[in-house]
Number of protein chains: 2
Amino acid sequence: MDPMTKLLLRAARGEAVPHVPVWFMRQAGRSLPEYHEVRAGIGMLDACRRPDLVCEITLQPVRRHKVDAAVLYSDIVVPLKAAGIDLDIVAGTGPVVAEPVRTMADVEAIGGLEPEAVGFVAESVRLLVAELGDTALIGFAGAPFTLASYLVEGGPSRHHAKTKALMYGAPDVWHALCSRLAQITRTFLQVQIEAGADAIQLFDSWAGALSEADYRRYVLPHSQAVLAGLGVPRIHFGVGTGELLPAMAEAGADVVGVDWRTPLDVAASRVPGKALQGNLDPCTLLAPWEVVATEARRVLAEGAKAPGHIFNLGHGVLPETDPDALTRLVDLVHTEG
Amino acid sequence: MDPMTKLLLRAARGEAVPHVPVWFMRQAGRSLPEYHEVRAGIGMLDACRRPDLVCEITLQPVRRHKVDAAVLYSDIVVPLKAAGIDLDIVAGTGPVVAEPVRTMADVEAIGGLEPEAVGFVAESVRLLVAELGDTALIGFAGAPFTLASYLVEGGPSRHHAKTKALMYGAPDVWHALCSRLAQITRTFLQVQIEAGADAIQLFDSWAGALSEADYRRYVLPHSQAVLAGLGVPRIHFGVGTGELLPAMAEAGADVVGVDWRTPLDVAASRVPGKALQGNLDPCTLLAPWEVVATEARRVLAEGAKAPGHIFNLGHGVLPETDPDALTRLVDLVHTEG
């Protein structure tokens, strides 16, 4: 299969497409009953290490919704765990790190990531490529800032206060930490690409907590180190990043992900020449269908202002979303997009 | 005392000032040891109902930091409680509502607010005005959207999903709820103004969760109903509102509050003619003093692009902030601003 026939890749490169491709962040998992069935009794990080399960969970939304891309079932902390960091995902909380990273000694104790340590990911990708036909496979990783926030805070955080305090107060420690995380992240993405992933998405979920000046000084160089010359289309996304879109594009994005706060036509004027992905508010899917349809048509119309548009939500699928609404939305995008 | 000699009011009206006035959101409480001392064993909402305590807590940061404004010690749920809604503030969680509001019947069960029901607030303001001299007193309230989110979700929320689902799916219920909340909020502010508050701040803390289109359709008319013709300078603030600044100005702000994501010179170009308040990242205060000073000077320089500038943080003081850093920051603004 010539990868260039895959719709998502054509849209990412700004080429003409018969219809706008569509997938959903967090489409694999959470909202699907068949997901909860196969995950029953299996921890999140254990599931991510089993290629049979990763393959099944990744394929479930493709079968059900007919989306134009699969996104690897994984978690942003998977490469950290594989690099030897003691952490777990606690249901209802999120990632919890046993020993928060606060000093240069803490940073130096973090090992690099050897590709063999994530062999299960390579195997998962190979299984998926064999199944997916002309549906693109998107690999993914968390960006250095977001990973650093989990490591410094010790878990999820509302204000990222300890993270910023380290960044402002000990920039040498901060940059050393982000350099290590950039190596880990880049290796993790390269493993996925070498195994056959068609594109990758770098999630800097929490980058929107930063001003543009701080983003450029403390984050951009590390995200650039991750994204430079990966050889496949690169999608770069964060939440609340309206002020950061140009800087995130400069970090090395081919496709800039946009949340629901910034309309795609506005985003197109901030990052001219870039393909865009987003920006339907995930909460819209909890509304009656007429509201979903109206909003989806708005997103399609505004997305047409960008050189390429990949239809997606402005953040991940909410667990309480009715899967049938997602299926119907895919159908609308395929018919009208 | 002629209120026009109060620096904060002159800056709010874009008049010349000898130096930039400064106060801090959440300056009363949290970071001050003398606050924890007087609050010991007293619940938050009980403290808000005791004029002697409100007066003492409101004055503490004025005495300690020499800020140019006091902000009434209260909470955005105080008027809701006074209107008969069964709720409490749970330490470590925030406001918790006994019966979430989801239907028209739930909305109709919410009573209006009689000024007498918040007589303790009027008494607190009168005590404060007698003490404050030429330091301005800022009254405050939560805006309809933010209050509605607490009522619909039943407590704090990350995605405001039930709130948005109600907004999109039952707009009649939504607008009825916000109309009631606008009446309650306006009455609460009028009580403070009649008792002598010099200015008010309307906190729409969570408005930044909305796109501009949703804000204009579902929120703006209700905030306008609160703010119209109150007769004192009106500050309007929310977090993550970079895309909403023009709409929030239209809601009736004399001073637009700006978080740390949008530099004040950028904000000035989005809301020409408006005074601005903000935008030092509260996390900066956890950094070494040289970082605080550099950032404060940047904020002063960028704020000079607006017709009036009130120095403040981009969000509330974090509990772990060293009070001495705040005092030193006030001194810097008074010397250099």
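Keep in mind the model is a prediction, meaning the values are calculated, not measured. (Residues numbered from 1 in each chain as written. Chains lettered and ligands numbered in written order. Predicted model: local features only at pLDDT ≥ 70, side-chain atom pairs only at ≥ 80, totals over all residues. Heavy atoms only, no water.)

## Quick notes on the relation of the copies chain A and chain B
Moving on, step 1. The two copies are related by a screw motion: chain A maps onto chain B through a turn of 180° and a shift of 0.0 Å along the axis, at an RMSD of 0.0 Å. What the superposition gives is, in effect, a two-fold axis relating one chain to the other.
Moving on, step 2. Looking at chain A, 100% of its interface residues are interface residues in chain B too, so the copies touch through the same face. (Least-squares fit on C-alpha atoms with pLDDT ≥ 70 in both. Contact = heavy atoms within 4.5 Å.)

## What about the packing of aromatic side chains?
Residues and elements named next belong to chain A.
Moving on, step 1. In total, this model carries 12 aromatic pairs over all chains according to the counting rule given.
Moving on, step 2. Ring centres of F140 and F203 lie 5.4 Å apart, and the angle between their planes is 75°; on these two criteria the pair is classed as edge-to-face. Highlighted residues: F140 in strand β4 (residues 136-142) and F203 in strand β5 (residues 199-203), separated in sequence by 63 residues. Taken individually, F140 and F203 each receive the classification buried, so the pair is uniform in this respect.
Moving on, step 3. A centroid spacing of 6.1 Å and a plane angle of 75° characterise the contact between Y168 and Y218, whose relative ring orientation is edge-to-face. Taken together, the residues span a long stretch of sequence, with Y168 in helix α9 (residues 161-169) and Y218 in helix α11 (residues 212-218) at a distance of 50 residues. (Phe/Tyr/Trp six-rings, centres within 6.5 Å; stacked < 30°, edge-to-face > 60°. Helix = DSSP H or I, 4+ residues; strand = E, 2+ residues; numbered from the N terminus. Buried < 20%, exposed > 50% of the residue type's maximum accessible area, 1.4 Å probe, protein only.)

## What about unusual backbone geometry?
Moving on, step 1. Looking along the chain, the bond that leaves A:G278 and enters A:N279 is cis, with omega of -5°.
Moving on, step 2. When you line up the elements, A:N279 lands in strand β8 (residues 275-280).
Moving on, step 3. Although it is not a glycine, A:R26 adopts a positive phi angle of roughly 65°.
Moving on, step 4. The class for A:R26 is partly exposed, based on a relative accessible area of 48%.
Moving on, step 5. Of note in the backbone geometry, B:K66 takes a positive phi value of approximately 60° without being a glycine.

## With respect to the interface of chain A and chain B
Quite often, the size of an interface is put as the accessible area lost when its parts meet.
Moving on, step 1. Listed per partner, the contact involves 30 residues of chain A and 30 residues of chain B.
Moving on, step 2. Summed over the three residues of chain A that lose the most area to chain B, namely A:Y168, A:E243 and A:R261, the buried surface amounts to 25% of that side.
Moving on, step 3. The interface formed by chain A and chain B includes 4 salt bridges.
Moving on, step 4. With a closest N to O distance of 2.6 Å, B:K164 and A:D281 form a salt bridge. (Buried area = accessible area lost by both parts, 1.4 Å probe. Salt bridge = Lys/Arg side-chain N within 4 Å of Asp/Glu carboxyl O.)

## With respect to the environment of B:E302
Residue and element names in this part refer to chain B.
Moving on, step 1. For E302, the position within the fold is in helix α15 (residues 289-303).
Moving on, step 2. We classify E302 as buried; its relative accessible area is 15%.
Moving on, step 3. Ignoring any residue separated from it by four or fewer positions in sequence, one finds E302 in contact with P263, L264 and D265.
Moving on, step 4. For E302, the side chain forms a polar contact with the side chain of R298, separated by 2.7 Å. (Polar contact = N/O pair within 3.5 Å; in protein donor to acceptor, adjacent residues only side chain to side chain.)

## As for α9(A)
Moving on, step 1. Across the 9 residues of α9(A), 7 count as buried, placing the element largely inside the fold.
Moving on, step 2. The set of residues buried in α9(A) consists of A:A161, A:T163, A:K164, A:A165, A:L166, A:M167 and A:Y168.
Moving on, step 3. Those residues of α9(A) that are buried are in contact with α8 (144-153), α10 (171-194) and α11 of chain A together with α15 of chain B.

## What to know about the sheet that holds β8(A)
All names here are of chain A.
Moving on, step 1. The parallel open sheet is built from 7 strands, whose spatial order is β1-β4-β5-β6-β7-β8-β9. Edge positions in the sheet fall to β1 (69-71) and β9 (309-313), since each of these pairs with one other strand and no more. If you compare each strand with its neighbour and ignore which way they point, the axes differ by 25° on average.
Moving on, step 2. Across the sheet, α10 lies against β4 and β5, angled at about 165° from β4, the strand it touches most. (Pairing = 2+ DSSP bridges. Axes fitted to C-alpha atoms, helices over the stretch in contact; angles between N-to-C directions.)

## Focus on the layout of surface pockets
Moving on, step 1. Approximately 270 Å³ is the volume found for the second largest pocket.
Moving on, step 2. Going through the elements one at a time, α11 of chain A together with α14 (264-270) and α15 of chain B are the ones with two or more residues in the lining of the second largest pocket. (1 Å grid on protein atoms, 1.4 Å probe; cavity = no way out; pocket = protein on both sides within 12 Å on 5 of 7 lines; lining within 4 Å. Points joined across faces, edges and corners; volume = space filled by probe spheres on them.)

## Observations concerning the sheet that holds strand β6 (residues 234-237) of chain B
Residue and element names in this part refer to chain B.
Moving on, step 1. Strand order across the open sheet formed by 7 strands is β1-β4-β5-β6-β7-β8-β9, with parallel pairing between neighbours. At either end of the open sheet lies a strand with only one pairing partner, and these are β1 (69-71) and β9 (309-313). When strand polarity is set aside, the average angle formed by the axes of neighbouring strands in this sheet is 25°.
Moving on, step 2. Examined bridge by bridge, strand β5 (residues 199-203) and β6 share 4 bridges and lie parallel to one another.

## Side note on the pairing of strand β7 (residues 255-258) of chain B
Residue and element names in this part refer to chain B.
Moving on, step 1. In β7, alternate side chains face the same way, and those of V255 and G257 on one face and V256 and V258 on the other are all buried.
Moving on, step 2. Pairing of β6 with β7 involves 2 bridges; the strand directions are parallel. Within the sheet, the bridge partner assigned to H236 lies in β7 and is V256.
Moving on, step 3. Viewed along the sheet, the connection from β6 through helix α13 (residues 245-250) into β7 turns out right-handed.
Moving on, step 4. As paired elements, β7 and strand β8 (residues 275-280) share 4 bridges and run parallel to each other. By the bridge assignment for β8, V258 is matched with G278. (Right-handed = clockwise from strand over helix to strand, strands pointing away.)

## Structural notes on the pattern of salt bridges
Opposite charge on two side chains makes pairing possible when the charged atoms of those side chains draw close.
Moving on, step 1. In total, this model carries 30 salt bridges over all chains according to the counting rule given.
Moving on, step 2. A single salt-bridge network, built from bridges that share partners, covers A:E34, A:R64 and A:D324.

## As for a negative patch on the surface
All names here are of chain A.
Moving on, step 1. Taken together, the side chains of D46, D86, D88 and E99 make up a negatively charged region of the molecular surface.
Moving on, step 2. Within the element layout of this structure, D86 appears in the loop between α5 (78-82) and β2 (87-90).
Moving on, step 3. The exposure class assigned to D86 is exposed, which follows from its relative accessible area of 53%. (Patch = residues over 30% accessible without salt bridge, like charges linked within 9 Å, V, L, I, M, F, W, Y side chains within 5 Å. Areas by Shrake-Rupley, 256 points an atom, 1.4 Å probe, with all protein chains shown as cover. Lys, Arg positive; Asp, Glu negative; His and termini not counted. Charge placed at Lys NZ, Arg CZ, Asp CG, Glu CD.)

## A few points about the pairing of β5(B)
Residue and element names in this part refer to chain B.
Moving on, step 1. In terms of residue burial, β5 counts as a mostly covered element, since 5 of its 5 residues are buried.
Moving on, step 2. Neither face of β5 is left uncovered, since the one carrying A199, Q201 and F203 and the one carrying I200 and L202 both have all their residues buried.
Moving on, step 3. Here strand β4 (residues 136-142) runs beside β5; their pairing, made up of 5 bridges, is parallel. In the sheet register, I138 faces β5, and the bridge partner there is A199.

## A few points about the nonpolar core
Moving on, step 1. Grouped together as the largest cluster of nonpolar side chains are 135 residues, with contacts concentrated most on B:W23, B:Y215 and B:F311.
Moving on, step 2. Looking at which element gives the most residues to this core, the answer is helix α10 (residues 171-194) of chain B, with 11 residues.
Moving on, step 3. With residues up to four places along the chain from it excluded, the contact list for B:F311 reads B:V20, B:P21, B:V22, B:W23, B:G278, B:L280, B:A296, B:V299, B:L300, B:L329 and B:V333.
Moving on, step 4. Listed in part, the 134 residues of the second largest apolar core include A:A148, A:A253, A:A296 and A:L329. (Core = buried A, V, L, I, M, F, W, Y, C linked by side-chain atoms within 4.5 Å.)

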